[in-house]
Amino acid sequence: MSHLTSSSSESTAPPQRKIIHLDMDAFYASVEQRDFPELRGKPLVVGGDPSGRGVVAAASYEIRKFGVRSAMSCYEAKRRCPEAIFVRPRFEVYRQVSQQIRQIMLSLTDLVEPLSLDEAYLDVTGIKEHHGSATLMANWLRAEIYEQTQLRASAGVSFNKMLAKIASDINKPNGIAVITPEQAEAFIATLPIERFHGIGKATAKRLHEMGIYTGADLRATPVDTLEYEFGKRGRFYSEIAHGNDTRPVKAERKHKSVGSETTFRDNLSDTDSLLVQIFEQNADAFEQLSKKGRLGHTITLKIKYADFTQITRSHTLHTPFPTAESAHYWLEKLLAEAPRHLPIRLVGVTYSNLTSLDELNTQPDLFGL
């Protein structure tokens, strides 16, 4: 357990928010290993047929050391770990367990914001139980969840959502970490930019090109520079580099769309160069989507020209896009259909018309069943 201790709080300021991010450890795979003891300690994939076109819905910790992760093709997972065991998802069971865990959270606070079946934010500001300690509350939640479900959870505790989510990943699996206001500045300074909320692989690559690798580098970059490079997102990056995240925990939360975009330093006209950038944004958007436990039926290409005019072009499939690569054909087609009268300064890719991974048991073809 990593516990960054706190000293004192400001008496004149409003009560410091206390946020818990609770994240179940390898949720789908852990449920399978709980229910079927012969799978415990084995490299397990919950997903489709490795000889077909199925995708990984979840990977046990035993197989993650081979580089297997969710949203990867099952064929690639089998290639990386020939000893892998593949089981079909049982989403109805996962939903039932998730509801059981949700009720435990709600017994502590009404302010529970689910992100997916296996993770949620809780705002425990002002809660008197457990001596008002968010750390004790988080440990109680983890213990109660294990007692009732025999499943392990990790937790992060901090004063905003971004830091709580980062903290929950520090001591996974089955761990807890606490980041206090007094230690946030030093913690953020050493944090790789890839760990910041909203910074995916494509954005991280761009920031690296600017010489920005850590929170300290990001904090030292003028906000005007970040806004010039990334538009409105630039200010957000500056805020989180200073530890500022005022997003409230919302009891109801639905993702309508997930996307990623980038503004070029120099306008582009070459099709191959544009496709490279578009595919990078697509990979970034799909990664964010996967982390939220979603897949999208609709993909939208956004293009902004040198004169700042912009267009969008979309395509919708009957079944959701199972991998980032499965969208490449349509993105290339959408780009080909777009006017090319001016050089292009920005491209973006957005997934919408979203489906929860836990609903995909009604779409067995996606998992190659």
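Residues numbered from 1 in each chain as written. Predicted model: local features only at pLDDT ≥ 70, side-chain atom pairs only at ≥ 80, totals over all residues. Heavy atoms only, no water.

Quick word on the packing of aromatic side chains
Tallying each qualifying case throughout the model produces 10 aromatic pairs. Taking 5.8 Å as the distance between ring centres and 70° as the angle between the ring planes, the aromatic pair formed by Phe-286 and Tyr-351 counts as edge-to-face. Of this pair, Phe-286 sits in helix 12 (residues 271-291) while Tyr-351 sits in strand 13 (residues 344-356); the two residues are 65 residues apart in sequence, bridging distant segments of the chain. Aromatic rings pair up to connect Phe-27, Tyr-28, Phe-91 and Tyr-94 into one cluster. (Phe/Tyr/Trp six-rings, centres within 6.5 Å; stacked < 30°, edge-to-face > 60°. Helix = DSSP H or I, 4+ residues; strand = E, 2+ residues; numbered from the N terminus.)

So, the pattern of salt bridges
Tallied over the entire structure, the rule returns 18 salt bridges. Across the pair Asp-245 and Arg-247 runs a salt bridge whose closest N-O atoms are separated by 2.7 Å. (Salt bridge = Lys/Arg side-chain N within 4 Å of Asp/Glu carboxyl O.)

Here's the deal with the UniProt feature "active site" (unreviewed entry) in the protein
The UniProt feature table records "active site" (unreviewed entry) at Glu-119. Summarising the element assignment, Glu-119 is placed in strand 7 (residues 119-123). Those residues in contact with Glu-119 that lie beyond four places of it in its chain are His-21, Leu-22, Asp-23, Pro-114, Lys-165 and Lys-291. For Glu-119, the side chain forms a polar contact with the side chain of His-21, separated by 2.7 Å. (UniProt positions renumbered as here; feature names shortened; annotations may be inferred. Contact = heavy atoms within 4.5 Å. Polar contact = N/O pair within 3.5 Å; in protein donor to acceptor, adjacent residues only side chain to side chain.)

Description of the domain arrangement of the protein
Once the domains are mapped, the protein shows domain 1 (19-24 + 92-180), domain 2 (27-89), domain 3 (183-242) and domain 4 (257-357). For domain 1 versus domain 3, the distance between C-alpha centres works out to 27 Å. Tallying the contact residues gives 8 residues for domain 1 and 9 residues for domain 3. Both sides of the domain 1 and domain 3 interface together cover about 730 Å² of buried area, and 70% of this is carbon and sulfur. Its largest share of buried area at the contact with domain 3, domain 1 owes to Met-162, Ile-166 and Thr-180, together 61% of the area lost on that side. Summed over the shared surface of domain 1 and domain 3, the result is 0 salt bridges. Viewed at the interface, domain 3 and domain 1 are joined by 2 residue pairs in polar contact (both at pLDDT 80 or more). Considering only residue class, the side of domain 1 that touches domain 3 consists of 6 nonpolar, 1 polar and 1 charged. (Domains from an automatic or database assignment. Buried area = accessible area lost by both parts, 1.4 Å probe. Nonpolar A, V, L, I, M, F, W, Y, C, P; charged D, E, K, R; others polar.)

What to know about the UniProt feature "binding site: Mg(2+)" (unreviewed entry) in the protein
This chain's UniProt record puts "binding site: Mg(2+)" (unreviewed entry) on Asp-23 and Asp-118. These annotated residues cover 96 residues of sequence, but their C-alpha atoms sit close together, with the largest distance between any two at 6.0 Å. If you take the residues mentioned a moment ago, the ones lining the largest cavity come down to Asp-118. Along the chain, the position of Asp-23 falls in strand 2 (residues 19-24). When sequence neighbours within four positions are dropped, the list of residues in contact with Asp-23 reads Asp-118, Glu-119, Ala-153, Ser-154, Ser-168 and Lys-172. (1 Å grid on protein atoms, 1.4 Å probe; cavity = no way out; pocket = protein on both sides within 12 Å on 5 of 7 lines; lining within 4 Å.)

Section: the pairing of strand 11 (residues 294-305)
Among the 12 residues that make up strand 11, 12 are buried, leaving the element largely enclosed by the rest of the structure. Judged from the 11 bridges that link them, strand 11 and strand 13 form a sheet pairing that is antiparallel. Bridge pairing in strand 13 links Lys-302 to Gly-348. Sheet topology note: the strand 11/strand 12 (residues 310-316) ladder contains 7 bridges and is antiparallel. Looking at the pairing, Lys-304 lines up with Gln-310 of strand 12. (Buried < 20%, exposed > 50% of the residue type's maximum accessible area, 1.4 Å probe, protein only. Pairing = 2+ DSSP bridges.)

What about the sheet that holds strand 13?
Pairing in this open sheet of 4 strands is antiparallel, and the strands run 10-13-11-12 from one edge to the other. Two strands close off the open sheet at either side, each with one partner strand: strand 10 (257-268) and strand 12. Recorded for the sheet is a direction-independent mean angle of 15° between the axes of neighbouring strands. Of the strands in this sheet, strand 10, strand 11 and strand 13 are in contact with helix 12, which crosses strand 10 at around 155°. (Axes fitted to C-alpha atoms, helices over the stretch in contact; angles between N-to-C directions.)

Looking at the environment of Tyr-228
For Tyr-228, the position within the fold is in helix 10 (residues 223-230). Exposure remark for Tyr-228: the relative accessible area of 57% places this residue in the exposed category. Sequence separation between Tyr-228 and Phe-264 is 36 residues; the distance between their C-alpha atoms is 10.0 Å.

What about helix 8 (residues 201-209)?
Of all the residues in helix 8, the buried ones are Ala-202, Thr-203, Ala-204, Arg-206 and Leu-207. Gly-211 lies just past helix 8 and shows a positive phi near 80°.

Topic: empty space enclosed by the protein
Using the criterion set out here, one finds 1 cavity of 30 Å³ or more in the structure. In this model, the largest cavity occupies a volume close to 60 Å³. Taken together, Met-24, Ser-98, Ile-101, Arg-102, Met-105, Ser-116, Leu-117, Asp-118, Glu-119 and Ala-120 make up the full set of residues lining the largest cavity. Looking at the lining of the largest cavity, the elements with two or more residues in it are helix 4 (91-106) and strand 7. Among the residues forming the lining of the largest cavity, the class breakdown is 5 nonpolar, 2 polar and 3 charged. (Points joined across faces, edges and corners; volume = space filled by probe spheres on them.)

Notes on the packing of helix 8 against helix 12
The N-to-C vectors of helix 8 and helix 12 enclose an angle of 125°; their axes lie 7 Å apart at closest approach. Our classification of the angle between helix 8 and helix 12 gives oblique. Every residue of helix 12 that contacts helix 8 at Lys-201, Ala-202, Thr-203 and Lys-205 is listed here: Glu-280, Gln-281, Asp-284 and Glu-287. A class-by-class count of the residues in the contact of helix 8 with helix 12 yields 1 nonpolar, 2 polar and 5 charged. (Parallel < 35°, antiparallel > 145°, perpendicular 65-115°, else oblique.)

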